Structure formats: structure tokens, C-alpha cells
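Read off the chains here:
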Amino acid sequence: MNDHTTETSDYTPPKVWTWIKPNGGQFANVNRPVAGATHEKALPVGRHPLQLYSQGTPNGQKVTILLEELLALGHAGAEYDAWLIRINEGDQFGSGFVEVNPNSKIPALVDRSGPQPIRVFESGAILVYLAEKFGAFLPSQPHLRAETLSWLFWQVGSAPFLGGGFGHFYAYAPAKFEYPIDRYAMETKRQLDVLDRRLAQTAYLAGDEYTIADIAVFPWYGGMVKGWLYNAGEFLSVHEYKNVLRWADTLLARPAVVRGRMVNRVSGDPASQLRERHDASDFETKTQDKVAQA
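Right, let's walk through the structure included here. (Residues numbered from 1 in each chain as written. Predicted model: local features only at pLDDT ≥ 70, side-chain atom pairs only at ≥ 80, totals over all residues. Heavy atoms only, no water.)

All right, on to the overall build of the chain then. Within the chain, the secondary structure is distributed over 10 helices and four strands. Along its sequence from the N terminus, the chain presents helices and strands in the succession β-α-β-α-β-β-α-α-α-α-α-α-α-α. Relative to its length of 294 residues, the chain is compact, with a C-alpha radius of gyration of 20 Å against a globular reference of 19 Å. For the C-alpha atoms alone, the extent of the chain along its principal axes is close to 60 × 50 × 45 Å. Taken over 294 residues, the chain has a buried fraction of 47%. Long-range contacts, defined here as pairs at least 24 residues apart, represent 66% of the contacts in the chain between residues at least 6 apart. Here the chain displays about 14900 Å² of accessible surface, and carbon together with sulfur accounts for 55% of that area. (Helix = DSSP H or I, 4+ residues; strand = E, 2+ residues; numbered from the N terminus. Rg over C-alpha atoms; globule rule 2.2 N^0.38 Å. Buried < 20%, exposed > 50% of the residue type's maximum accessible area, 1.4 Å probe, protein only. Contact = heavy atoms within 4.5 Å. Areas by Shrake-Rupley, 256 points an atom, 1.4 Å probe, with all protein chains shown as cover.)

Spelled out as C-alpha cells, the structure:
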């Protein structure tokens, strides 16, 4: 705790919770306690085998980084259309998106390379699906595969405490409260320490080989130590995690990582935003700075 003050609240939970008002905060306009579509809207389909419906959040970046890495290896079948789903505006509740992901979360992928379309949702599942489809970034040796999947699913289980926990209460909640911020700051720093200790022993999370584990962890925890998430770098003393910083800089030196971070991005430097990606040449001609000039 930052001091010895005790928080008090005049809120007493009712016997049965009911949704009677928006909960406040940045996402109040799209949060609701039920699933399903709110409006009819078909998803667009482009010309490539893979159709991605996403936004350039950390979860969305995982998939676009992997796709760009696959293309860099020469896997032509990994060509993709990346369609922007604006989650702040509720695009994820359109009927077409809900058909691909009944959980209404980005990213969602449809593989149209075979006789029947295959839907894949949840970012971790998409990474495994693509890695297995193309035989890349997921080792075949049992011990390395197990290590890779262990760190991948560590990220899947841990990042909600960073994003939905720390990020929400530190950056997005309608009011600041000491207890949840301290609770989730402590957990975020513990997770960063887990990574820092691991990366003191190995170049990458699964060992000497760059894998989907690194691709999954980087947008969240690499973004945190590089100061991109929630403007919280100083608050969390991220400079302490020197091994995570070294690893993050190694990944940032990869051109495919740089490209993947740009796709479906809607904030930051306009030159780093490629709102939709339908061809490799779009990185040169259709970033937001060039769109604005045109």
C-alpha cells in the first residue's frame, strides 16, 4: 500500500445484482451483461486466404505480428486481409462478427483457404492454429513445444490482471481507488518479475528460439516496459526489469514486429497506423499520414 489510510465505501451489494445503469469508464457504452448481436452487419471478405477482423490492441497485435512473421519466412498462404473492428463503437456486436466469435472480442480469424471456411477466435487459439498450419514458431520437439505452450498460456491467463485489472483501474475507471490500483499494480509487477527472471536465463521465453510465446507476451509486457501501456511506466518502475527490456528491444528490431504493430491501429503517430491491411504495399502507401495527405 502507498500509505496506511483505509478506504471506506457506502456501497452494500444487493442480494441480486441487476443492470440498471452504465458502469462508467471508457467502455461504458459497449459493456453489457448479455452476449449476442446488437445489430445486423455482415463482415466484409477480401481476396486473401485469411480474413482477420481486429483492432490494433495488444491482443490484436499478437496475430498481425505472427502473420507478418510468416510472410517474412516466405509462407505465401499467410497473406491476409485485416479489417478494422472498432471496439469502442460496438462493431464486435454486429451479427457477422458474432457468427465468427460468439464472445464478441477481437481478434477473430476466418481461414478460407480450404473447401469450407474455418473460424478461429481467442488470440491464443489463433496463434496455435496458424503456427501449426504453417509449421513455424511452434517447436516440434516435445520439451520445447511444452515450454512454448506453457508461456503462451501463461500470457493468456495473466494479461487480464494487467489489462482488465491494473489498466482498467489505473487508466479507465471513472474514479481512482487505492485498493484496486495497489492490488493490480502488485500483481503486474509480480508478473514482470516472473518474466525478468526467466529472461535472465534464456534469450527468448521458450529458450534459444523465437516462438509464438514471445509473440503473445510482447504486445502486453513488452509494451508495458517500453512505456506504451496506460502511461504507467514511471508508476510501475519498469526500468527495473532489465531482461524484459533487452528482450523487448530484440523483438522491436524485427521488421515483421514493427509492421504487425501498425495493422488495425487507430491511435498514436499517424505514420504508424495502417487502419486496414489488404496488401503488403499498404505499409508504404496507406498509413494514416499518407491517407490524410491524399
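On to the sheet that holds strand β3 (residues 108-111), then. Strand order in this open sheet of four strands is β2-β1-β3-β4, and the pairing throughout is mixed. Strands with a single pairing partner mark the edges of an open sheet, and in this sheet they are β2 (80-84) and β4 (118-121). When the angles between neighbouring strand axes are averaged without regard to direction, this sheet yields 20 degrees. Bridge count for β3 against β4 is four bridges, and the pairing is antiparallel. Considered in β4, the bridge of V110 is made with R119. This element, helix α1 (residues 58-72), spans β1 (50-54) and β2 of the sheet and lies at about 150 degrees to β1. Set on the sheet, helix α3 (residues 123-134) makes contact with β1, β3 and β4; between it and β4 the angle comes to about 130 degrees. (Pairing = 2+ DSSP bridges. Axes fitted to C-alpha atoms, helices over the stretch in contact; angles between N-to-C directions.)

Right, let's talk about the side chain of T64 for a bit. Position of T64 among the secondary structure elements: in helix α1. In this structure the side chain of T64 is engaged in a polar contact, spanning 3.3 Å, whose partner is the backbone oxygen of Q61. When near neighbours in sequence (up to four residues on either side) are disregarded, T64 contacts L52, Y80, G260 and V263. (Polar contact = N/O pair within 3.5 Å; in protein donor to acceptor, adjacent residues only side chain to side chain.)

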